[in-house]
Amino acid sequence: MATWNHILLIDSNSPLMEQLNFFHDHTLLIITLITILVGYNMLSLLTNSFINRFLLHGQLIEIIWTILPAIILLFIAFPSLRLLYLLDETNKPSLTLKSIGHQWYWSYEYSDFKNIEFDSYMIPSAELNEGDFRLLDVDNRIVLPNHTQIRLIATATDVIHSWTVPSLGVKIDAT
């Protein structure tokens, strides 16, 4: 679980979240290289007193600084699109969970079974036990099987709600 001084991403519990972590590292490397290159150029312009009369009249350099960012964006876009399609795909789900966000609680329905539905309320701070998480623990938790394809249908009755499991790479905004 993430804490206040946690700098890196939390540990992943699914292959998709692992791929999201790899994509994060990939883009962070590209951004770091761009930042170092731009910082070096700015520093050299500030400290260099040489003047080149052809510096502002070069078609080759204009072509390079137009095409190079487009290539860099492609190196970011292709892995991103691949991940978007992987995250959206569900192959023959074994279980369907419907979660309905209300003002102060969630309602859950196991749609594949008859009459299995319950409400999940947050535990008040005064009733928390030692080791419980404030504003995160609930009285009725969802029980889902491991290593199973699950379809999640999220909706809300009033305002926008966010249903998320960060270690699985799942975040849905219910409207």
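Residues numbered from 1 in each chain as written. Predicted model: local features only at pLDDT ≥ 70, side-chain atom pairs only at ≥ 80, totals over all residues. Heavy atoms only, no water.

Going by the annotation in an unreviewed UniProt entry, the name recorded for the chain is Cytochrome c oxidase subunit 2, with Forcipomyia taiwana given as the source organism. UniProt, in its Sequence similarities (unreviewed entry) section for the chain, records the words "Belongs to the cytochrome c oxidase subunit 2 family." Database annotation for the chain, UniProt heading Subcellular location (unreviewed entry): "Mitochondrion inner membrane". (UniProt positions renumbered as here; feature names shortened; annotations may be inferred.)

Okay, the packing of aromatic side chains next. Ring pairs (aromatic) are described by centroid distance and by the angle formed between their planes. Applying the stated criterion across every chain yields a total of four aromatic pairs. Geometrically, the ring pair formed by Trp-106 and Tyr-108 is stacked, given 6.5 Å between the ring centres and 15 degrees between the ring planes. Grouping residues by exposure puts Trp-106 and Tyr-108 together as buried. One aromatic cluster is present, built from ring pairs that chain together Trp-106, Tyr-108, Tyr-110 and Phe-118. (Phe/Tyr/Trp six-rings, centres within 6.5 Å; stacked < 30°, edge-to-face > 60°. Buried < 20%, exposed > 50% of the residue type's maximum accessible area, 1.4 Å probe, protein only.)

What follows concerns the UniProt feature "domain: Cytochrome oxidase subunit II copper A binding" (unreviewed entry) in the chain. Cross-referencing UniProt, the feature "domain: Cytochrome oxidase subunit II copper A binding" (unreviewed entry) maps to residues 92-175 in the present numbering. From the first C-alpha to the last, residues 92-175 spans 25 Å; its make-up is 0% helix and 42% strand. (Helix = DSSP H or I, 4+ residues; strand = E, 2+ residues; numbered from the N terminus.)

The end-to-end C-alpha distance of helix α1 (residues 15-47), which contains 33 residues, comes to 48 Å, matching closely the 48 Å that a straight helix rising 1.5 Å per residue would cover. For α1, every residue scored as buried is listed here: Met-17, Asn-21, Thr-27 and Ile-30. Where the residues of α1 are buried, they touch α2 (59-88). (Expected span 1.5 Å × (residues − 1). Contact = heavy atoms within 4.5 Å.)

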